[in-house]
Amino acid sequence: MHTTVGHSQADDAEAAGRDAAEKAKTDDSRIAYVFASTRYDLDALVAAVDDVFGDVPVVGCSSTAEITPEGAFEGSVVVGALNGGDVDVGVGIGRDLERDSYAAGRNAIHDAVEDLDADEVAPFRKRRDEDWRMRQEAFVTLFSDPLHGTGVEVLEGVNQFLGPGFSTTGQFAGDDLSFERTFVFHRGEAVEDAVVAAVVRPSRRVSSGHRHGFSPTEETGVAEEAEGNVLKQVRGTTPRDEYATIYGEDKAEDPGFLLMTPFGLSRKRAEEHELRVTIDITDEGHYVCGANVPQGESLTLMMGEKPKLLEAAGKAGVAAREAGGFAEGEIDTGILFSCAGRYGIYDDIDTSSQEVRNVREALGDDATVFGCFAYGQIAPTGGWAAFNEETMAVQVIGKE
Amino acid sequence: MVEYRDLLQVIINKERQTTGEDWTANVVDEIDGLEVDADGQITDLSGDPLSVLEQMLDRIEKLTGPVGLSLVGRAITQEFGRDLDIDLPGKLQDRL
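Quick notes on the rules
Residues numbered from 1 in each chain as written. Chains lettered and ligands numbered in written order. Predicted model: local features only at pLDDT ≥ 70, side-chain atom pairs only at ≥ 80, totals over all residues. Heavy atoms only, no water. Helix = DSSP H or I, 4+ residues; strand = E, 2+ residues; numbered from the N terminus. Rg over C-alpha atoms; globule rule 2.2 N^0.38 Å. Buried < 20%, exposed > 50% of the residue type's maximum accessible area, 1.4 Å probe, protein only. Contact = heavy atoms within 4.5 Å. Areas by Shrake-Rupley, 256 points an atom, 1.4 Å probe, with all protein chains shown as cover. Lys, Arg positive; Asp, Glu negative; His and termini not counted. Charge placed at Lys NZ, Arg CZ, Asp CG, Glu CD. Pairing = 2+ DSSP bridges. Axes fitted to C-alpha atoms, helices over the stretch in contact; angles between N-to-C directions. Parallel < 35°, antiparallel > 145°, perpendicular 65-115°, else oblique. Left-handed = near helix turned anticlockwise from the far one by under 90°. Nonpolar A, V, L, I, M, F, W, Y, C, P; charged D, E, K, R; others polar. Phe/Tyr/Trp six-rings, centres within 6.5 Å; stacked < 30°, edge-to-face > 60°. 1 Å grid on protein atoms, 1.4 Å probe; cavity = no way out; pocket = protein on both sides within 12 Å on 5 of 7 lines; lining within 4 Å. Points joined across faces, edges and corners; volume = space filled by probe spheres on them. Core = buried A, V, L, I, M, F, W, Y, C linked by side-chain atoms within 4.5 Å.

Caption draft 1: Quick peek at the overall build of chain A. What chain A contains, in helices and strands, is 9 helices and 25 strands. Computed over its C-alpha atoms, the radius of gyration of chain A comes to 20 Å, within 12% of the 21 Å expected for a compact globule of 400 residues. If you line up chain A on its principal axes, its C-alpha atoms span 60 × 55 × 40 Å. Expressed as a percentage of its 400 residues, the buried residues of chain A come to 62%. Taking the contacts inside chain A whose residues are at least 6 apart along the sequence as the reference set, 81% of them involve residues at least 24 apart. Roughly 14500 Å² of accessible area belongs to chain A as shown, and the carbon and sulfur atoms make up 42% of that amount. Of the side-chain charges in chain A, 36 are positive and 73 negative, and the distance between the mean point of each set is 7 Å.

Encoded structure:
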């Protein structure tokens, strides 16, 4: 197996898609990952990529910024192809997130597993024996539209079918921080209201890791009223009014700003707080988060300091590498999923590129990396596919 | 009339309240012309105070990006309102 990456900043969507795809395509490409800015006509762009790749499945999502081995870029398209006759790929799509997110997630992963050549895919359950890492033979990549349905339910549907122990990473699609329309890519289509799943068996060991690097502030409170993933009251008022007090009226309803200002839940034995990001605001001023907020839970406003976020990106790379028992330099490929909120805090392309370089250094300088910044990262937590916001999530494929 | 010293003190107070004493001390240590005591009170402001304020904002922006600047802008607005009769750095004026 080997990985190739194509990147284009051409103005025309069809030309950009074709340019990036032709740079990445090889004679034995088995799957193409596409991440593209919403400045493009994505129907035309994805159709062009699909045309170049022919029968090879094309998956991915719209992005806030694109990641290449050279760093981060805005307003571009990147195509990463996994190549080799020994690579087995299955792809599925679940539609109608708005109607039933759980069923869509379940359908997507079901169809992806069915699409594999292999008869079965074994999960990597928590094993204590020495060779458990060697059993990691497949990874799952998910792409979902965050502006339709409920992300938590999508992942519940995936988890219900797949069970625990898989290296499942992915991204909730982004746009250029406008929060208007986000798309997932499936073969020749750019689709809304859907989730796409890819299961890949690269005949190499795989693993993943993630870190965010956000620090707790002195601003704390309790989730006095919460239901599912909706926070209704904190410090005696709505979260909207509380954020308005801290950051200003306009910021409390600005989705781009809220993406940069998560709050955290403290977890025993965990290295970092578990983050919650507001992805929607109700008319009552309640904050709809990417994952559950237990009522009575202590909450802490989190602050992202650039140096700590950059350091955490490197740690994510190390965590991904060590989770698979890989030494430095034993990684062939890293697929990177970072957050548009981190991108907003960095506030410049050079610092965002530094994040990419930090991950690459952690994997080994010869690792091929690609990926994107978008609205919500998927990475395993406790063995299950989980919403990990404001995070750098890294999927790695070893050289052996 | 609001003075630069007042603005700097409000920013320091807000940073100490939100991000903590150590973080704020780390920010202030890097700024020429500004000294504070262990309680975060300004003890010395020397040189061009507008330059000191600009250094403070640059340092906050360098560490925390637009979030840190919004925190500062909100604190200033809550304390003094939006119309301050004093020259302000553009990155602060934009957030009032």
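Caption draft 2: Looking closely at the sheet that holds strand β19 (residues 287-289) of chain A. Residue and element names in this part refer to chain A. In space, the 7 strands of this open sheet follow the order β17-β16-β20-β14-β15-β19-β18, with antiparallel pairing throughout. Two strands in the sheet have a free side with no partner beyond their single neighbour: β17 (274-276) and β18 (278-281). For this sheet, the mean inter-axis angle between neighbouring strands, taken without regard to orientation, is 45°. Against the sheet, helix α5 (residues 239-247) contacts β14 (215-227), β15 (230-234), β16 (263-265), β19 and β20 (298-303), and its axis sits at roughly 65° relative to β15.

Caption draft 3: Fine view of the packing of helix α7 (residues 306-323) of chain A against helix α9 (residues 349-363) of chain A. All names here are of chain A. For the pair α7 and α9, the least separation of the axes is 8 Å and the interaxial angle reads 30°. Here α7 lies roughly parallel to α9, going by the angle between them. At the point where α7 passes α9, the crossing takes the right-handed sense. Residues Leu309, Leu310, Glu311, Ala313, Gly314, Gly317, Val318 and Arg321 of α7 lie in contact with α9, whose contacting residues are Thr351, Gln354, Glu355, Asn358, Val359, Ala362 and Leu363. When grouped by side-chain class, the residues that make up the contact of α7 with α9 number 7 nonpolar, 5 polar and 3 charged.

Caption draft 4: Representation of the pairing of strand β22 (residues 368-374) of chain A. All names here are of chain A. For β22, the tally of buried residues reaches 7 of 7 residues, placing the bulk of the element in the interior. The alternating pattern of β22 places Thr368, Phe370, Cys372 and Ala374 and Val369, Gly371 and Phe373 on opposite faces, both of which are buried. Bridge count between strand β4 (residues 65-68) and β22: 3 bridges; the pairing is antiparallel. Each residue of the ladder has a partner; that of Ala65, found in β22, is Phe373. Here strand β21 (residues 331-339) runs beside β22; their pairing, made up of 7 bridges, is parallel. Within the sheet, the bridge partner assigned to Ser338 lies in β22 and is Phe373.

Caption draft 5: Broad picture of the packing of aromatic side chains. Residues and elements named next belong to chain A. Counting across every chain of the model gives 12 aromatic pairs over all chains. Their ring planes at 65° and their centres at 6.2 Å tell us that Tyr33 and Phe143 sit as a pair that is edge-to-face. Placement of the pair is Tyr33 in strand β2 (residues 29-37) and Phe143 in strand β8 (residues 139-144), with a sequence separation of 110 residues. Neither residue differs from the other here; Tyr33 and Phe143 are each classed as buried. Taking the centre distance of 4.5 Å and the plane angle of 15° together, the rings of Phe172 and Phe387 count as stacked. Of this pair, Phe172 sits in strand β9 (residues 167-172) while Phe387 sits in strand β24 (residues 384-388), and the two are 215 residues apart along the sequence. Accessibility assignment for this pair places Phe172 and Phe387 in one class, buried. Linked through ring pairs, Tyr33, Phe35, Phe143, Phe337 and Phe370 together constitute an aromatic cluster.

Caption draft 6: Representation of the layout of surface pockets within the structure. Residues and elements named next belong to chain A. Space inside the second largest pocket adds up to approximately 190 Å³. What lines the second largest pocket is a set of 14 residues, and nearest its centre among them are Pro146, Gly149, Ile279, Asp280 and Val288. Looking at the lining of the second largest pocket, the elements that each hand over two or more residues are α4 (151-162), β18 and β19. Here the lining of the second largest pocket is composed, by residue class, of 6 nonpolar, 6 polar and 2 charged.

Caption draft 7: Expanded view of the nonpolar core. Residues and elements named next belong to chain A. Among the nonpolar cores identified, the biggest contains 30 residues, and Ile31, Tyr33, Phe35, Val59, Phe139, Phe143 and Val200 are the most heavily contacted of them. Ranked by residue count, the leading element in this core is strand β12 (residues 194-201), at 4 residues. Dropping the residues within four chain positions of it, Phe143 is found in contact with Tyr33, Phe35, Val59, Gly60, Cys61, Gln171, Val184, Ala194, Val195, Val196 and Phe337. In this structure, Ala223, Met260, Leu301 and Met302 belong to the second largest nonpolar core, which totals 29 residues.

Caption draft 8: Geometry of empty space enclosed by the protein. Residue and element names in this part refer to chain A. Tallied over the entire structure, the rule returns 3 cavities of 30 Å³ or more. A volume near 150 Å³ is recorded for the largest cavity. Around the largest cavity sit 13 residues that line it, and Val234, Glu242, Tyr243, Phe263 and Leu301 are the ones nearest its centre. Residue assignment for the lining of the largest cavity shows that the elements contributing at least two residues are β14, β15, α5 and β20. Split into classes, the residues belonging to the lining of the largest cavity amount to 7 nonpolar, 3 polar and 3 charged. Looking at the second largest cavity, its volume works out to about 70 Å³. What lines the second largest cavity is simply Pro146, Leu147, Phe179, Leu259, Thr278, Ile279 and Tyr375. Residues of the lining of the second largest cavity, tallied by class, amount to 6 nonpolar, 1 polar and no charged.

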